[in-house]
Amino acid sequence: GPRVSANVDAHTGAVMTMLVTGQGTAKPAAKAVDSATALATARGFARSRSVAIDGLAESVRFVDHGERSEYVAEWVHRVGDVIVPDYRLVGIDAMTGEVWRFLNVSRPYADPPTPAVARAAAESAARTVITDATGVKADTAELRITFTQAGEQRLVWQVYLSGMADGTSADVTSHWV
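Residues numbered from 1 in each chain as written. Predicted model: local features only at pLDDT ≥ 70, side-chain atom pairs only at ≥ 80, totals over all residues. Heavy atoms only, no water.

Undergrad: Looking at this structure, I do not really get helix H1 (residues 35-48). What am I missing?
TA: Given 3.6 residues per turn, any residue in an α-helix points the same way as the ones three and four places further on. Taking 1.5 Å of rise per residue, the 14 residues of H1 would be expected to cover 20 Å, and the 20 Å separating its terminal C-alpha atoms lies within 8% of that figure. Considered for burial, the residues of H1 that qualify are Ala38, Leu39, Ala42, Phe45 and Ala46. Buried residues along H1 cover an arc of 125° about the axis, so they all sit on one side. Within H1, the exposed residues directed more than 90 degrees away from the buried face are Ala36 and Ser48. In the segment just after H1, Ser50 is the residue with positive phi, at about 55°. (Helix = DSSP H or I, 4+ residues; strand = E, 2+ residues; numbered from the N terminus. Expected span 1.5 Å × (residues − 1). Buried < 20%, exposed > 50% of the residue type's maximum accessible area, 1.4 Å probe, protein only. Arc of directions from axis to C-beta.)

Set out below in structure tokens:
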């Protein structure tokens, strides 16, 4: 059966991340849910667990990972054009309609600096991680604040690529800026 890996805040008891693996076998040919249904499921999941999403910018996108396709529902807080570490993400399996991952991030951060690397340069750099980048395009590129393992704040371009030969998508954090 499925296995669940969850990180729980040792001070508050809140679930910070969750990943369900071992669910399903072969990938069905058609999606079981559409983006509106996936978003409604994600909202219900967040609200039933008292996860704060009100006041955050909401989006949903389809991502094909090859073995698994999902809808990613995300609620973010932006400072200017930068997504800061106050966001929620719920992954809905496109074939089953079930929640398979969850992320709840909220941590202190300093005001974002101005990026030193342009979006086009970050998109170009992201393409270099793909073996055959023929036909690969950047769907979106977003500035985000992240942290190193040592706790240093970084501003990064997160680039979403599509058009790979195998039909999958990629999510590449391409550049410290």
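What follows picks up the thread again.
Undergrad: Explain the packing of aromatic side chains to me, please; I cannot follow it from the model alone.
TA: Here the structure, examined in full by the defined rule, presents two aromatic pairs. With 5.3 Å between their ring centres and 65° between their planes, Phe45 and Phe102 make a pair best called edge-to-face. Remark: Phe102 occurs in strand S6 (residues 99-106) and Phe45 occurs in helix H1; sequence separation between them is 57 residues. Residues Phe45 and Phe102 agree in their burial class; the two are buried. Directly above the ring of Phe147 sits Arg107, whose terminal nitrogen or CZ lies 3.5 Å from the centroid. (Phe/Tyr/Trp six-rings, centres within 6.5 Å; stacked < 30°, edge-to-face > 60°. Lys NZ or Arg CZ within 6 Å of the ring centre and 35° of its normal.)

Undergrad: Would you take a moment to explain the side chain of Asp93 for this structure?
TA: Inspection of the secondary structure assignment puts Asp93 in strand S5 (residues 82-93). Residue class for Asp93 comes out buried when judged on its relative accessible area of 6%. Here Met95 takes part through its backbone nitrogen, which lies 2.7 Å from a polar atom of the side chain of Asp93. When sequence neighbours within four positions are dropped, the list of residues in contact with Asp93 reads Val33, Arg68, Ser69, Glu70, Glu98 and Trp100. (Polar contact = N/O pair within 3.5 Å; in protein donor to acceptor, adjacent residues only side chain to side chain. Contact = heavy atoms within 4.5 Å.)

Undergrad: So what exactly am I meant to see when it comes to the environment of Val63 here?
TA: Secondary-structure assignment places Val63 in strand S3 (residues 57-64). A relative accessible area of 11% means that Val63 is categorised as buried. Spatially, the C-alpha atom of Val63 lies 9.0 Å from that of Ala94, the residues being 31 residues apart in sequence.

Undergrad: Just to check I follow, could you spell out the nonpolar core for this structure?
TA: Side chains of nonpolar character tend, in soluble globular proteins, to be buried together. With 18 residues, the main nonpolar core has Ala42, Tyr71, Trp75, Val90 and Ile92 as its most contacted residues. When contributions to this core are tallied by element, the ones reaching two or more residues are H1, strand S4 (69-79), S5 and S6. Looking at this core element by element, the count peaks at five residues for H1. Excluding residues that lie within four positions of it along the chain, Tyr71 makes contacts with Lys31, Val33, Asp34, Ser35, Ala38, Val60, Arg61, Phe62, Val90, Gly91, Ile92 and Ala94. Within the second largest apolar cluster, 14 residues are counted, among which are Val136, Leu143, Val159 and Leu161. (Core = buried A, V, L, I, M, F, W, Y, C linked by side-chain atoms within 4.5 Å.)

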